[in-house]
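Remarks on the overall topology
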Amino acid sequence: MSKTTLVIVESPAKAKTIEKYLGPDYRVLSSIGHVRDIPKSNKDAVDIEAGFVPHYIISPGKEKVIEGLQAAAKKADAVLLASDPDREGEAIAWHVAELIKGSNKNLKRVVFNEITEGAVKEAILHPRDIDLNLKEAQEARRILDRLVGYDLSGLIWKKVRYGLSAGRVQSPALRIVMEREREIRAFVPEDYFVLIAQTTVAKLNIPFLCTEEPKEAEEAERIKSVGEANSWTVTAIKESEAKRSPKPPFTTSTLQQVASTRLGFSPSRTMGAAQKLYEDGHITYMRTDSTNMSEVALKQMHALVIKDYGQVYLTPRTYKTKSKSAQEAHEAVRPTDFTKHNVGATADQKALYELIWRRTVSSQMSDATMKRTKVVANITNTTDAIPDFTVNGSRIIFPGWLAVDTRARGEDTEVPKLATGDSLKLKSIDIEAKQTQPLGRYSEASLIKELEKRGIGRPSTYASIIKTITDRGYVIKEGRTLIPTDTGDVVSTFLEQNFANYISDTFTSEMETELDEIAEGTRTYKKTLTDFYGPFLKEITAKEDIPKLTNLGAGPVGFPCPICSSAMVIKLGRAGTFLSCNRFPECNGARMIDGSELKPDAPIGNHPDSGEAIYVMNGKFGPYVQLGETPEKIKGKKQPSPKRASLPAGLMPADVTLDDAVKYLTLPRELGNHPKTDEIIIANTGQYGPYLAHAGDFRSLKSNDDPYTITYKRALEIYTQPKQMRKGETLLKELGINPVTKKMVNVFESKSGRYLRKGFKRISIPESIKTEDITIEVAVELLKQG
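Cut-offs and rules
Residues numbered from 1 in each chain as written. Predicted model: local features only at pLDDT ≥ 70, side-chain atom pairs only at ≥ 80, totals over all residues. Heavy atoms only, no water. UniProt positions renumbered as here; feature names shortened; annotations may be inferred. Helix = DSSP H or I, 4+ residues; strand = E, 2+ residues; numbered from the N terminus. Buried < 20%, exposed > 50% of the residue type's maximum accessible area, 1.4 Å probe, protein only. Contact = heavy atoms within 4.5 Å. Areas by Shrake-Rupley, 256 points an atom, 1.4 Å probe, with all protein chains shown as cover. Lys, Arg positive; Asp, Glu negative; His and termini not counted. Charge placed at Lys NZ, Arg CZ, Asp CG, Glu CD. Pairing = 2+ DSSP bridges. Core = buried A, V, L, I, M, F, W, Y, C linked by side-chain atoms within 4.5 Å. Salt bridge = Lys/Arg side-chain N within 4 Å of Asp/Glu carboxyl O. Axes fitted to C-alpha atoms, helices over the stretch in contact; angles between N-to-C directions. Polar contact = N/O pair within 3.5 Å; in protein donor to acceptor, adjacent residues only side chain to side chain. Parallel < 35°, antiparallel > 145°, perpendicular 65-115°, else oblique. Left-handed = near helix turned anticlockwise from the far one by under 90°. Phe/Tyr/Trp six-rings, centres within 6.5 Å; stacked < 30°, edge-to-face > 60°.

Named according to an unreviewed UniProt entry, the chain is DNA topoisomerase 1 originating from Candidatus Kaiserbacteria bacterium RIFOXYD1_FULL_42_15. Looking at the Sequence similarities (unreviewed entry) heading of the UniProt record, one finds this comment for the chain: "Belongs to the type IA topoisomerase family." Entered under Catalytic activity (unreviewed entry) in the UniProt record, the comment concerning the chain runs "ATP-independent breakage of single-stranded DNA, followed by passage and rejoining."

Okay, here's the thing in structure tokens:
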């Protein structure tokens, strides 16, 4: 009887890919990510007195996953833990091992830097023990982040505003964004002038640019006056050759930067596409700060370059990793098979793969050679001196690596054939007044570059850092630009004034180095946390008595209180900063930060039936009408919400009449109960337009169907039509109505596996549960856990 081996990975998609390469003696299952974590809301999850021992709990929804893994491990002769090849993956492997070691003690660790048949089979031949140093480095990061976040956020809640947060790495990132913003605010622009000599030679227009940019208008006018009063000639022609070398293959940070600038992808979007490409076996592991590549990959690339471009285009290169702590000797992010030029299941994956392919192949190619030409012109009169004027050109004479990475090439700019001493006919000298500009705000790409340069964060954290400060409302994105909000400004200022050391570059970078040393086995977990937490807690305690930040300084003198004319102060509200009377709460006078008066909402009229006031208001999801007053909040008591209805898309609040509002408040309309489920069908309108809703099954209404007039019969017709699935999604099974939520429950499948839906969230179904065994009772339990 042959022996069986259970292979446990963390992703269902990865499990499917690996299972193709291994024979019938192997079974591949997924843990679907982390299986244990410290509780989200409990500080006591870490026993500080016992040496920072974490108290782990099973992650919500993972009970049945673990039961399935335990049952499979019991039947197997050996278990291979094959989660991702980094600290996070090592931690997942350790947690899984802790939970299944009672079912099978023959546990080993394997890692796949790439998920190809050769790499998988080779890795299976070289199992090892779990690296506890890597696991402890991940654990130390998790505990540090929890302690810092819990204690700092708690203080900010007390001293600034409830609901705000801080973090060990997010707060230094926010500080960097705010430092640039303060530089921009403090920047004083200076005037300067650009001069362009418009000349012609043989009917060809040639603009020459002045090599100096005068700061005074008088000097600019002098140069113009002298230039236009004299004859012009070519005084020099300078030609030179220049070389452009290819860039190294991608690391995580450079991949995120280039995907942002070239493809417009956010860091999280880039990593999502890269994760799928890795799991499908198309690229190497995507979390890395190494530029190394295997000999096998290099040989394959070199052969491809010679075959497709010729020997002259090949220049084998070895790149040194700049990072002082390149993690776990990974390779660069590269394709696993260079003969494949176009792979990926989605447009994002295809675009990202092409970017990776071109960058990697071009890294092994020859320099591009460029011919650069500078033509210098000036007046022939040597009595009145003016600066030189020049025109520059460049052209590629050998493309080298640019033959592959064509988007890096740029445009050739040819200059006319001229010789020293040639006369030029001057038409005019144009003056353009300009002002110096401050450094630009950070984009996602430039912030990642800055974080990496300062040693803040690691490849696995860049995307989450930016997502966190964006999700918290500390920065907003306009295009690719990150702009700090008033809330971000207040939080960063508070931390800089009170905890400058703990959000400094030096401290954050040194802490990352200490975590690296734990991973290398040269530093202990307990010492690292002890050395940090004692002084940190002492400083937190010392700040408990600082006054609450009730205002952010005096308001502008020109904006007195609109009620009592007293001075105003700047305060932070839910929607940002505003001006409040300094006599509050005795006086409720308030203004917007631009000085416009903030008045209580006035009704547009009263409902003809109930007599209640009707208001037009703005909310998180746009403008709406409201029937009646908003009840005053009473601590510990839930107040009934007044009836509200969204405005139709495109309608401005100022254009809403009383008749309109009464009509809008007829929604949602109850049309009747569905004959199969006995659940109500409603017609309504929302953020994305009009729709029907029945037991959690939402159907958009097209232009011919109006939520105010649609009939019960028409609604039933719509519900008899198959529900349109999302791209790549299949409906596997209809289960019926959830008796708890009264919503329809279905089983779906996509490339990433089977799942249930809970709002917009997907609840993965463990592989140990067969589709035919999924009943409404099983689904309800999974939804409850998820």
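Still to come is the rest of the account.
What to know about the overall build of the chain
Of regular secondary structure, the chain possesses 19 helices and 31 strands. The burial tally for the chain puts 48% of its 786 residues in the buried class. Once local pairs closer than 6 in sequence are excluded, the contacts in the chain between residues at least 24 apart make up 64%. Just so you have it, the chain exposes about 40100 Å², and 51% of that area is on carbon and sulfur atoms. In the chain, which carries 112 positive and 103 negative side-chain charges, the distance between the mean positions of the two groups comes to 3 Å.

Thoughts on the pairing of strand β13 (residues 389-398)
Burial within β13 is extensive, with seven of its 10 residues counted as buried. Bridge analysis of strand β10 (residues 204-210) against β13 gives two bridges, and the strand direction is antiparallel. Bridge pairing in β13 places Cys210 opposite Phe389. Pairing of strand β12 (residues 368-379) with β13, which is carried by nine bridges, proceeds in the antiparallel orientation. Paired with Lys371 across the two strands is Arg395, which belongs to β13.

As for the nonpolar core
Membership of the largest hydrophobic core comes to 56 residues, with the highest contact counts inside it found for Ile18, Phe112, Val120, Ile283, Leu352 and Val361. If one sorts the elements of this core by residue count, helix α11 (residues 347-362) sits on top with six residues. Apart from residues no more than four positions distant in its own chain, Ile283 is found in contact with Glu114, Ala274, Leu277, Tyr278, Val333, Arg334, Pro335, Thr336, Tyr353 and Ile356. In this structure, Leu144, Ile156, Leu164 and Ile448 belong to the second largest nonpolar core, which totals 54 residues.

Description of the pattern of salt bridges
Summed over the entire model, instances satisfying the criterion amount to 47 salt bridges. Among the salt bridges present, the one from Asp348 reaches Arg269, with a minimum N-O distance of 2.8 Å. Of the two residues, Asp348 is situated in helix α11 and Arg269 in helix α9 (residues 267-279); the sequence distance between them amounts to 79 residues. Of the residues examined, Arg269 reaches a relative accessible area of 38% and is grouped as partly exposed. Where Asp516 meets Arg458, a salt bridge forms, and the shortest distance between an N and an O atom there is 2.7 Å. Of this pair, Asp516 sits in helix α15 (residues 505-520) while Arg458 sits in the loop between α12 (444-454) and α13 (462-471); the two residues are 58 residues apart in sequence, bridging distant segments of the chain. In this structure, Asp516 and Arg458 share a single accessibility class: buried. Look at the salt bridges and you will find they share partners, linking Arg175, Glu179, Glu450, Lys453, Arg454 and Asp505 into a network.

Quick word on the sheet that holds strand β11 (residues 232-244)
Ordered by their spatial adjacency, six strands build a closed barrel running β9-β10-β13-β12-β11-β14, and the pairing between neighbours is antiparallel. Across the sheet, the mean angle separating the axes of adjacent strands is 35° when strand polarity is ignored. Across two bridges, the pairing between β11 and strand β14 (residues 423-435) is antiparallel. Its bridge partner being in β14, Thr233 is matched across the sheet by Ser423. Against the sheet, helix α7 (residues 217-228) touches β9 (191-201), β11, β12, β13 and β14, its axis set at about 170° to β14.

What about the UniProt feature "active site" (unreviewed entry) in the chain?
Feature annotation in UniProt assigns "active site" (unreviewed entry) to the following positions: Tyr285. Looking at where Tyr285 falls in the secondary structure, it is placed in the loop between α9 and α10 (295-309). A residue is classified by how much of its surface remains accessible, and Tyr285, at 1% relative accessible area, is buried. Leaving out residues up to four positions away in the same chain, Tyr285 has contacts with Asp84, Pro85, Asp86, Asn113, Tyr278, His330 and Val333. Polar side-chain contacts of Tyr285 include one of 3.4 Å to the side chain of Asp84.

What about the packing of α15 against helix α16 (residues 525-542)?
For the pair α15 and α16, interaxial distance at closest approach is 10 Å and the crossing angle is 160°. With respect to α16, the element α15 is oriented roughly antiparallel. For the element pair α15 and α16, the recorded crossing hand is left-handed. Side by side, α15 and α16 meet where Phe507, Met511, Glu514 and Ile518 of the first sit next to Tyr525, Thr528 and Phe532 of the second.

Things to note about the packing of aromatic side chains
All told, the structure shown has 17 aromatic pairs when counted by the stated rule. Arranged with centres 5.2 Å apart and planes meeting at 85°, the rings of Trp232 and Phe389 form a pair that is edge-to-face. Placement of Trp232 in strand β11 and of Phe389 in strand β13 is noted, with a sequence separation of 157 residues between them. Take Trp232 and Phe389: they sit in the same class, and that class is buried. For the ring pair Phe748 and Tyr755, a centre distance of 6.0 Å and an interplane angle of 20° mean the geometry is stacked.

Considerations on unusual backbone geometry
Pro585 follows Phe584 through a cis peptide bond whose omega is 15°. Position of Pro585 relative to the elements: it lies in the loop between β18 (576-581) and β19 (590-592). Within the chain, Ser565 stands out as a residue other than glycine whose phi angle is a positive 70°. Within the secondary structure layout, Ser565 lies in the loop between α16 and β17 (568-573).

Some points on the environment of Val169
Within the secondary structure layout, Val169 lies in the loop between α5 (132-159) and α6 (170-186). Residues Val169 and Asp145, spaced 24 residues apart in sequence, show a C-alpha to C-alpha distance of 8.1 Å. Apart from the residues within four sequence positions on either side, Val169 is in contact with Ile456, Gly457, Ile465 and Glu512.

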